[in-house]
Amino acid sequence: MRKYLVLASIVLTTAVVAYVTTYLGALGPLGLDTRYLAKLFLANTYNPAHRELTAMSPEAVTSIVWDFRGIDTLYETVVFYMAIIAALAIYRGVSYSNVRRGSGLSLIVKVVTKLLIPINIAVAVSIAAHGHLTPGGGFQAGAALAVVSVLLAVVYSAHSFVELGVNLSRAVALRSAGLLAIALVVFTPIVISALTGTQAYLMQNYVKVDSAFSFPAHVQSQLISGTLIWFNLAEFLAVSFGFFIIFMLLSLREEVVREWVGKEDEH
Amino acid sequence: MRKYVPVALLVLTAYIVFSGSVSPYDVVLGSLVAAGVSLITSKYVVRDASKAVSLRRFLHLVKYAFYYLTIAEFRAHRMVIGIILSKAMVVNPAIVRVPYRARNEYTIVACANSITNTPGTVVVDIDQEKSQYYVHWIYATGLDRETAYREILEEFEKRLAKVFE
């Protein structure tokens, strides 16, 4: 009897909430301005007829993130960069040489993980390289690749980073390479503008009303959407190794970290 | 050189399937990723290159996949569905020791996963020193190691040995 009461109350609640939020308009009128903005984005995200407005990408989210509001994303990337610098500063001087070899998880998990890591890398690159065509992009791809660092730490123990030659300096170098690549794409129009004496804007993707500068939207017949593919690939590198750094630091045992932090306090 | 082939093929297949496209862009980029990843990871994934590229072993793997996905899964499902649908719900659960004879880690893991993925049996732990799995068995027909081996593992191990051992 009791389970029928529970079932009936679930059905009734669902029906009431659905009725109130739709027919009774409990959520209020839908924002018409938002709808107008959405229409604008959809009309221009891939529109070869309006090269001065379009992002030439069928993926509206990437178009918005790296073109229509590209500066915002650039600052988000900077915030992420600063957060990782803060983490590195807190853990400064901590060395992996003191990390003990752990036994990790069972053989079953280790072997399956060993096969999954190459597939994981393929999937991450695909997400990054198709960010301008299908849902995904540099950040999502970076998060997907960073899973490898978690798998290594949890399945094989943090000592596996030492055995594989993955260290913080290399991760920082690769992340910095990603950030430099983003900066290169951001400043390319300005550099070209300075060299040729023509008008161009920071992060400019295609021609504007008063600027002829444009990144190529296609290579052969393949759509690359101007700056979008380069931003996605560079962000992929920066985010994946940014997360690598964080997960490597978090996988250190507390006593190892305390040992180093304590050393500094003594001075 | 041969040891790079299986990982490269695995990565290329994963890339193409995940991307859902065989455009020149994807084939070229997928091949580059496959080459790079196999260069880095092959030494951890492939121990014996001659086994990895053996067509005979690959055909045994296909044969095993067919056997597993049809016969083994059907038998296991039939048994568990029978238990679920029976009014009395007769079960005889136990965790039993199942000794394995395999030496190759891929055989050991493939057998363990085959046992886990068939309804009614789950590998809950593995003891590599004693070469045995601990298996939760929903309807244990015997608790001794030989019965458990014969009922749960023998068929999988015999077939998978032809692929990996």
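Structure first, text after, so check above.
Residues numbered from 1 in each chain as written. Chains lettered and ligands numbered in written order. Predicted model: local features only at pLDDT ≥ 70, side-chain atom pairs only at ≥ 80, totals over all residues. Heavy atoms only, no water.

How should the environment of A:Ala158 be read in this particular structure?
Residue and element names in this part refer to chain A. Mapped onto the fold, alanine 158 is located in the loop between helix H6 (138-156) and helix H7 (159-164). For alanine 158, a relative accessible area of 10% puts it in the buried group. Separated by 34 residues in the primary sequence, alanine 158 and alanine 124 have C-alpha atoms spaced 22 Å apart. Not counting chain neighbours up to four residues away, the residues in contact with alanine 158 comprise Tyr96, Val99, Ala153 and Ser251. (Helix = DSSP H or I, 4+ residues; strand = E, 2+ residues; numbered from the N terminus. Buried < 20%, exposed > 50% of the residue type's maximum accessible area, 1.4 Å probe, protein only. Contact = heavy atoms within 4.5 Å.)

Sorry, what's going on with the side chain of A:Asn205 here?
Residues and elements named next belong to chain A. Looking at where asparagine 205 falls in the secondary structure, it is placed in the loop between helix H8 (168-196) and strand E1 (218-219). Owing to a relative accessible area of 1%, asparagine 205 belongs among the buried residues under this scheme. Among the polar contacts listed, one links the side chain of asparagine 205 to the backbone nitrogen of threonine 227, at a separation of 3.0 Å. For asparagine 205, the contacting residues outside a window of four places in its chain are Ala55, Asp67, Ser214, Phe215, Ser225, Gly226, Thr227 and Leu228. (Polar contact = N/O pair within 3.5 Å; in protein donor to acceptor, adjacent residues only side chain to side chain.)

What should I look at first to understand the pairing of strand E3 (residues 132-137) of chain B in this one?
Across a regular strand the side chains alternate sides, sitting on one face of the sheet and then on the other. Residues and elements named next belong to chain B. Alignment of strand E1 (residues 94-99) against E3, held across six bridges, turns out to be antiparallel. Bridging across to E3, proline 99 finds its partner in glutamine 132. When strand E2 (residues 121-127) meets E3, the two strands line up antiparallel, connected through six bridges. If you follow valine 122 over to E3, its bridge partner there is histidine 136. Here E2 hands over to E3 after four residues, with serine 131 in that stretch at a positive phi of 50 degrees. (Pairing = 2+ DSSP bridges.)

Looking at this structure, I do not really get helix H1 (residues 4-19) of chain B. What am I missing?
Residues spaced three or four apart along an α-helix point in a common direction, a consequence of the helix completing one turn every 3.6 residues. Taking 1.5 Å per residue, 16 residues should reach 22 Å; H1(B) reaches 22 Å between its end C-alpha atoms and fits that length. Residues of H1(B) that are buried: B:Val7, B:Ala8, B:Val11, B:Ala14, B:Tyr15, B:Ile16 and B:Ser19. The inward-facing, buried residues of H1(B) abut helix H5 (107-129) of chain A together with helix H2 (24-45) of chain B. Of the residues trailing H1(B), B:Gly20 is marked for its positive phi of about 65 degrees. (Expected span 1.5 Å × (residues − 1).)

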